[in-house]
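Descriptive structure summary
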Amino acid sequence: MPKVMQFTKGSIIFFSGDRDERIFILQSGCVILSSIKLSTGGTVAEQVHVGEFFGVKSSLAHMPRYETAQVLTDTQVVALTVQEFEQIFSSKQEVTWKMLRVFSKSLRELHKQTEIVIQKDDVHEINPDEGMFKVARGFYDADDFHSCADVLKKILIFYPDTAYKSDIARLLPDAQANESRASAKGDNDYSSTGIPSGALSQFSLPMFDRFSKSYKKGDVIITEYEPGETFYLVQTGEVQVVKCINNSIKNIDILKPGEFFGEMAILDNSPRGATCVAKGPVTCLEFNKANFKTVVTGNPQIVMMLLKLFCKRIYDQQRKLKNLTIKDLSIRVADVFLLFDEKSVLSSELSKNVQKRKFNLTVNDIAQWAGITPEQARDELNRYVERHKIEIFDNYMIVGNIMDMKRTVDSYFSSHVNR
């Protein structure tokens, strides 16, 4: 049963970093949520209003709190377990859809913070077709000709009267010719399969077959700056998320089965904030706002699953942003290992005395997750090898002492916060 709780002025309901999966509803009094804005290092405070939920995102994502909830006046709240929350509110569509809008806003803010961290200062000034053309040029300069051609075709579809029509007419045949030569060399033999996770079970029903789309390696599923009208859930394979920064393509994230992208489109038709490319064979479910609402109406369990996916996405985006704020590339690489250790279910089951960890990561994987070039990743990893901190094999790496890595990263953030 939900529990009514009383807190006196100055009390702390939960601290940042706590593992507390209760969800709260403010009945009376005043609660302030404070957190660190990663892009600036400053503190952000948000007041919870009577009748509002708080603690939802970390609870549904089953992750530590990333905010502190402080009581400013004598306060009364209702505390619910995740199970109680699902039982009471999963069928209340007005509540769940309001939460989706709130979570969408949170994701958008995290995306903006990411843009600040990676110093993307032209995002609000550039025309959409100009931005898309820069993305295409970025792929071309990176010798990713298939993705370049895909983006150029998208420009002509979305903006048939673009001022870049003559530039596209010159660049597209060149990209396609280079793509053909790369294919002849066997450059597109990458294969990737994914096993749908439990989170996908609700979307594995035959009713969703008509929403399934297939892609091959290098296919651009959505492009930064293009109009956002669809939303995707990864069924199999991996999707690389990139952004065009200073006319260069930078890897931002990797999405696996059960994760989604283009999520803002179910609530508003805003331009895309990133480009998503199939790393290998990929299948996705594609929804637009109208058909998605039709599908989930009368299926509260699907809406609840989507809420959980949003919460996990918010947490992952925040964790990724934290990594990108690390200016020291050596520390950033160390934090990638911590990020994967946190993701591993097995890590929580290992004895605290077992510090050695095996990660199924390559140099390119480290580069992609850290947002750096493979050359930079290789240099930083070699330094760790020279100090006998890690061992590198063809398809995996061994970290000798994960707690040593954690102390290194924690020390960086402690000195960064105290400056």
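Residues numbered from 1 in each chain as written. Predicted model: local features only at pLDDT ≥ 70, side-chain atom pairs only at ≥ 80, totals over all residues. Heavy atoms only, no water.

Among the nonpolar cores identified, the biggest contains 60 residues, and Phe203 and Phe261 are the most heavily contacted of them. With twelve residues, the single largest contributor to this core is helix α8 (residues 300–324). Excluding residues that lie within four positions of it along the chain, Phe261 makes contacts with Ile221, Ile222, Phe231, Tyr232, Val234, Val239, Leu255, Cys276 and Cys284. Residues Leu338, Phe359, Val409 and Phe413 belong to the second largest nonpolar core, which totals 29 residues. (Core = buried A, V, L, I, M, F, W, Y, C linked by side-chain atoms within 4.5 Å. Buried < 20%, exposed > 50% of the residue type's maximum accessible area, 1.4 Å probe, protein only. Helix = DSSP H or I, 4+ residues; strand = E, 2+ residues; numbered from the N terminus. Contact = heavy atoms within 4.5 Å.)

With antiparallel pairing, the four strands of this open sheet are ordered in space as β10-β15-β12-β13. This sheet does not close on itself; its edge strands, each paired only once, are β10 (220–222) and β13 (248–255). Neighbour to neighbour, the strand axes of the sheet diverge by 35° on average, direction disregarded. Relative to strand β15 (residues 275–278), strand β12 (residues 239–245) runs antiparallel, the two sharing four bridges. Paired with Gln240 across the strands is Val277, a residue of β15. (Pairing = 2+ DSSP bridges. Axes fitted to C-alpha atoms, helices over the stretch in contact; angles between N-to-C directions.)

Once that is clear, we can look at the environment of Lys358. Mapped onto the secondary structure, Lys358 falls in strand β17 (residues 357–359). When the C-alpha positions of Lys358 and Asp341 are compared, they lie 9.3 Å apart, and in sequence the two are 17 residues distant.

Most of strand β16 (residues 282–288) sits inside the fold, with five of its seven residues counted as buried. Where strand β9 (residues 212–215) meets β16, four bridges bridge the pair, whose relative direction is antiparallel. Opposite Tyr215, over in β16, you have Val282 as the bridge partner. Where strand β11 (residues 230–236) and β16 come together, six bridges link them in antiparallel fashion. Looking at the pairing, Phe231 lines up with Phe287 of β16.

What follows is about the side chain of Thr68. Examined against the element boundaries, Thr68 turns out to sit in strand β7 (residues 68–71). Looking at Thr68, the relative accessible area reads 16%, which means it is buried. Only 3.0 Å separates the side chain of Thr68 from the backbone nitrogen of Ser16, close enough to count as a polar contact. If we skip the residues at most four places from it in the chain, Thr68 touches Ile12, Phe14, Phe15, Ser16, Ile32, Leu33 and Ser34. (Polar contact = N/O pair within 3.5 Å; in protein donor to acceptor, adjacent residues only side chain to side chain.)

Following the criterion strictly, the structure yields 21 salt bridges and no others. Notably, a salt bridge pairs Lys243 with Glu224, separated by 3.7 Å at the nearest N-O pair. One end of the pair, Lys243, is in strand β12; the other, Glu224, is in the loop between β10 and β11, with 19 residues separating them in the sequence. Under the relative-accessibility criterion, Lys243 is labelled buried at 5%. Measuring nitrogen to oxygen at the nearest pair gives 2.7 Å for the salt bridge that ties Asp410 to Lys406. (Salt bridge = Lys/Arg side-chain N within 4 Å of Asp/Glu carboxyl O.)

Where helix α4 (residues 128–141) meets helix α5 (residues 145–158), the axes come as close as 7 Å, and the angle between the chain directions of the two elements is 165°. Taken as axis vectors, α4 and α5 run roughly antiparallel relative to one another. The crossing of α4 and α5 is left-handed. Here Asp129, Met132, Phe133, Val135, Ala136, Phe139 and Tyr140 of α4 lie close against α5, whose contacting residues are Phe145, Ser147, Cys148, Val151, Leu152, Lys154, Ile155 and Phe158. (Parallel < 35°, antiparallel > 145°, perpendicular 65-115°, else oblique. Left-handed = near helix turned anticlockwise from the far one by under 90°.)

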